[in-house]
Amino acid sequence: MLKSLSLIALLFSLFAVPAAAQTAPIETPAEYAIIMDYRTGEILFEKNARIPTAPASMSKLMTVAIVFERLKNGSLQLTDEFEVSEKAWREREGSSMWVRVDTTIPVIDLLRGIIVQSGNDACIVVAENISGSEEAFAEHMNRKAREWGLNDSTFANPHGMPDPNQKMSMLDLAKLTRRIISEYGEYYALFAEREFTWEKIRQENRNPLLGYVEGADGLKTGHTEESGYGLAGSAVQNGERRIVVVNGLTSNRERTTESARLIRIAFNDFINKTFYAPGDVVGEADVFKGKSASVPLIARTQVNMLLHRSQIADAKATIVYEGPVAAPIRQNQQIGFVKIETPGGATREFPLSAGQAVRETGIWGKIGLAATKLLAKPANEEAAAAQE
């Protein structure tokens, strides 16, 4: 029989779950938004974050990630030089690195041209030299999207200019951001460079968070008439990193102020605490045919919770196990889990183990149990006696 013990009340308000994205009390004028914790990948807040929408230049993060992957596996070097085609040279729509036809450019400078200057022409140079054409590179982007679990993303080009098939969700952009930081950290510092000069044209990094928000060190802005103003950003404060992605804002100024505000909320309004360390007693389980009637249940792993301040008091914990648990029981044997939830929010489960061994009762104990069952009145008989 599945047994559960609800531990609701002030004592167990410490048993919290990372704040449910759909219930965190946050308002934003952004049409699409997400806040993610980098370390755990937990979604702290989301608004239309799973809907594919036009990502504009934020889709350049996919182009950059593919280059980073090749640098990491050794199939590319930062000093390798890519040839500039006439098509890439003529690409003047949108932002540009100002590449020149029939020249070669080192990969490291093309990366700066994409990351700092948001050059559409630099993206074409990369696409043509890696895959032969923009179209072939877009197919490669789509394959990588499936491989990396970016299931709400489709690509038609490497730079993000409007196309019906160029779509990404904010969740996918947050996941891609997390991947870039975790998998390709040796190249991530490029996102924090404040300016880059190419062909004697100096351009500043378009990310407004750099130097404006404490700990901000990336990543990419985006804007087209179709998408509105968007930003995929990240920052580190007090050893913790958060990721914020927004899209559909109405102006550059609104993008700056709103993304900065959401990052401040990400750090100030969410609490990251450890309430139970491995080995701490969480509760107990009933035991059948054991020399002890119960066994303590201990946390097998650290119960670490990230939650919005407003949701701590309403947190709920439920111990769930198949019971009563039959003896013999080994020490550290897994017995159920503690389910942590907030009203209307996400649920997390932490495994529980037996805090001590429980031996099976001897033959006389078994006979005693059988006798107890035999002598007990059936429930309907007890009810009839009560009515006499």
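Residues numbered from 1 in each chain as written. Predicted model: local features only at pLDDT ≥ 70, side-chain atom pairs only at ≥ 80, totals over all residues. Heavy atoms only, no water.

**Details of the overall build of the protein**
Here is step 1: In terms of helices and strands, the protein carries ten helices and 18 strands.
Here is step 2: Counting all 388 residues of the protein, 51% fall into the buried class.
Here is step 3: Sequence-distant contacts, at least 24 apart, represent 65% of the contacts inside the protein between residues at least 6 apart.
Here is step 4: Carbon and sulfur atoms make up 49% of the accessible area of the protein, which amounts to about 17900 Å² in all. (Helix = DSSP H or I, 4+ residues; strand = E, 2+ residues; numbered from the N terminus. Buried < 20%, exposed > 50% of the residue type's maximum accessible area, 1.4 Å probe, protein only. Contact = heavy atoms within 4.5 Å. Areas by Shrake-Rupley, 256 points an atom, 1.4 Å probe, with all protein chains shown as cover.)

**As for the sheet that holds strand β3 (residues 43-47)**
Here is step 1: An order of β3-β2-β10-β9-β8 is seen for the five strands of this open sheet, with the pairing classed as antiparallel. Two strands bound the open sheet, and with one partner strand each, they are β3 and β8 (216-224). Ignoring which end each strand starts from, the neighbouring axes of this sheet average 5° apart.
Here is step 2: Relative to strand β2 (residues 32-37), helix α6 (residues 170-183) is tilted by about 35°, and along the sheet it contacts β2, β3, β8, β9 (228-237) and β10 (240-249). (Pairing = 2+ DSSP bridges. Axes fitted to C-alpha atoms, helices over the stretch in contact; angles between N-to-C directions.)

**Regarding empty space enclosed by the protein**
Here is step 1: One pass over the structure, following the stated rule, counts one cavity of 30 Å³ or more.
Here is step 2: Forming the walls of the largest cavity are A54, P55, A56, G160, M161, P162, D163, Q166, K167 and E226.
Here is step 3: Along the lines of polarity and charge, the residues of the lining of the largest cavity split into five nonpolar, two polar and three charged. (1 Å grid on protein atoms, 1.4 Å probe; cavity = no way out; pocket = protein on both sides within 12 Å on 5 of 7 lines; lining within 4 Å. Points joined across faces, edges and corners; volume = space filled by probe spheres on them. Nonpolar A, V, L, I, M, F, W, Y, C, P; charged D, E, K, R; others polar.)

**Concerning the packing of aromatic side chains**
Here is step 1: Applying the stated criterion across every chain, the model contains five aromatic pairs.
Here is step 2: Look at F196 and W198: their rings are 6.3 Å apart centre to centre, the planes differ by 20°, and that puts the pair in the stacked class. Exposure class is identical for F196 and W198. Each is buried.
Here is step 3: Taken together, the ring pairs in this structure connect F68, Y184, Y187, Y188 and F191 into an aromatic cluster.
Here is step 4: In this structure, R241 is placed above the aromatic ring of Y38, and the distance from its NZ or CZ to the ring centre is 5.8 Å. (Phe/Tyr/Trp six-rings, centres within 6.5 Å; stacked < 30°, edge-to-face > 60°. Lys NZ or Arg CZ within 6 Å of the ring centre and 35° of its normal.)

**Structural notes on the pairing of strand β13 (residues 294-299)**
Here is step 1: Summarising the sheet, strand β12 (residues 281-288) and β13 pair through five bridges and their orientation is antiparallel. Within β13, the position partnered with V281 by the bridge is I298.
Here is step 2: Linking β12 to β13, which pair antiparallel, is a turn of five residues; within it K289 sits at a positive phi near 60°.
Here is step 3: Bridge analysis of β13 against strand β18 (residues 347-354) gives three bridges, and the strand direction is antiparallel.

**A look at the pattern of salt bridges**
Here is step 1: Under the criterion given, the structure shown has 18 salt bridges.
Here is step 2: The closest approach of N and O atoms between E183 and K72, which form a salt bridge, is 3.4 Å. Placement of the pair is E183 in helix α6 and K72 in helix α1 (residues 60-73), with a sequence separation of 111 residues.
Here is step 3: Assessed through its relative accessible area of 32%, E183 is described here as partly exposed.
Here is step 4: Between E193 and R112 there is a salt bridge whose closest N-O contact spans 2.8 Å. Taken together, the residues E193 in the loop between α7 (185-188) and β6 (195-198) and R112 in helix α3 (residues 107-115) connect sequence positions 81 residues apart.
Here is step 5: Here E193 falls in the partly exposed class, since its relative accessible area comes to 23%. (Salt bridge = Lys/Arg side-chain N within 4 Å of Asp/Glu carboxyl O.)

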